[in-house]
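Structure at a glance
Residues per chain are reported as follows:
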Amino acid sequence: MTRPVTARVPAKVNVQLAVGGLRPDGFHDLANVFLAVGLHDEVTATPADTLRITVEGADADQVPLDHTNLAARAAAALAERHGIEPGVHLHIAKDIPVAGGMAGGSADAAGALLACDALWDTKASRDELLQICADLGSDIPFSLVGGAALGRGRGELLTPLETGGTFHWVFAVADGGLSTPAVYRECDRLREASGGGAGAADVPDPEPSQALLDALRSGDATALAAAVSNDLQPAALSLRPALAATLRAGADAGALASLVSGSGPTCAFLAKDPEAAQAVAAALAASGTCRTVRITSGPVPGARLVDA
Ligand code: C5P
């Protein structure tokens, strides 16, 4: 195929992020409940002589354009498996906050994979795509799958979850990102500082909350709000204390739940309905505690090819 191919990929919020002890390989076992939400990046693949990345969008200047870019790594991994040259220009239209805890980099990797598979006609099976995703990063398989899912292991072993309705969210985007490895390291440091230890023998095995899974299944936002949790939140707040004011501003404006999204620094607010989401968003925008405010909902489907 020589026509450009575009994939559209959603962001995520973690409605539960239970973090176990530090493993010998440097990762943490998780009970990670992902919900895909309606902020999207689009990745367009066009034939080219070499692998090249361009990016547009508000945060474009923060995205690496070299071989460290996850979209470039995804295209290179697919090409290598199929014994072809990774000749492709990947153009990323970025709407997901960069380094925000919403899986923007993961979305670009999943999108690049899907778009290159179509462009090169490599006909990779779903399992092969999921394996490449898992090899590249813990959150990337979910970007492909979307909807709602429980991630075990380091987050890459997915079980799809049933959802009984649409949940309305507001996201407060911070100025500047947070490094995911730094937030996990801070989580370990805080656990050690509190005297409990950070290893697998010291920390209880992470388990999904039954109340949370029930709330997702029933579509009950109030029940979901009562069950959300993020073990990385204390670490994100420790590294970025100003997030406490953002969380407070959303809670004061009537959000059912206020939490850091993944490793942050984006903060997520669950609202009762679209009108309540508008009110929370207006209050957050007026509070001066964040750079931008976004209103959206989930679950939404995972990575999809779209007509360019
Ligand atoms: O898998 P990914 O490359 O996205 O992970 C980035 C970093 O986040 C890892 O190198 C590790 O420091 C941390 N991480 C972790 N446990 C996980 C997932 C990520 O410690 N389950």
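Remember, it's a predicted structure, so these values are computed and weren't measured experimentally.

1. Looking at the environment of Leu129
- As for its placement among the helices and strands, Leu129 is situated in helix H3 (residues 126-136).
- Note on Leu129: relative accessible area 4%, which makes it buried.
- Residues in contact with Leu129, not counting those within four places in the same chain, are Leu113, Leu114, Ala124 and Leu144.

2. Some remarks on the pairing of strand S1 (residues 5-22)
- Among the 18 residues in S1, 16 count as buried, and that is most of the element.
- Relative to strand S2 (residues 28-47), S1 is paired through 15 bridges, and the arrangement is antiparallel. Paired with Ala18 across the two strands is Ala31, which belongs to S2.
- In sequence, S1 turns back onto S2 through a hairpin of five residues, with Gly26 there showing a positive phi of about 90°.
- Here S1 pairs with strand S12 (residues 304-306) via three bridges, running antiparallel. Directly across from Arg8, in S12, lies its bridge partner Arg304.

3. A closer look at unusual backbone geometry
- With an omega of 5°, the peptide bond running from Gly264 to Pro265 counts as cis.
- For Pro265, the position within the fold is in the loop between strand S9 (257-260) and strand S10 (267-271).
- A positive phi is found at Ala103, a non-glycine position, where the angle reads about 65°.
- Within the fold, Ala103 resides in the loop between strand S4 (88-93) and helix H2 (104-120).
- Given a relative accessible area of 11%, Ala103 falls into the buried group.

4. Examining the pattern of salt bridges
- Under the defined criterion, the tally for this structure stands at 16 salt bridges.
- Between Asp25 and Arg23 there is a salt bridge, with its nearest N and O atoms 2.8 Å apart.
- Classification of Asp25 as partly exposed rests on a relative accessible area of 45%.
- Each member of the salt-bridge network shares a partner with another, and the members are Arg23, Asp25 and Asp29.

5. Focus: the packing of aromatic side chains
- Applying the stated criterion to the full structure yields two aromatic pairs.
- Arranged with centres 4.6 Å apart and planes meeting at 10°, the rings of Phe34 and Phe142 form a pair that is stacked. A residue pair is termed long-range when its members are at least 10 positions apart, and Phe34 in strand S2 and Phe142 in helix H4 (residues 140-145) qualify at 108 residues. Here Phe34 and Phe142 have matching classes, each one buried.
- Ring centres 6.1 Å apart and planes at 20° place the aromatic pair Trp169 and Phe171 in the stacked group.
- Its end group placed over the ring of Phe27, Arg154 keeps NZ or CZ at 5.1 Å from the ring centre.

Reading guide: rules and limits
- Residues numbered from 1 in each chain as written.
- Predicted model: local features only at pLDDT ≥ 70, side-chain atom pairs only at ≥ 80, totals over all residues.
- Heavy atoms only, no water.
- Helix = DSSP H or I, 4+ residues; strand = E, 2+ residues; numbered from the N terminus.
- Buried < 20%, exposed > 50% of the residue type's maximum accessible area, 1.4 Å probe, protein only.
- Contact = heavy atoms within 4.5 Å.
- Pairing = 2+ DSSP bridges.
- Salt bridge = Lys/Arg side-chain N within 4 Å of Asp/Glu carboxyl O.
- Phe/Tyr/Trp six-rings, centres within 6.5 Å; stacked < 30°, edge-to-face > 60°.
- Lys NZ or Arg CZ within 6 Å of the ring centre and 35° of its normal.

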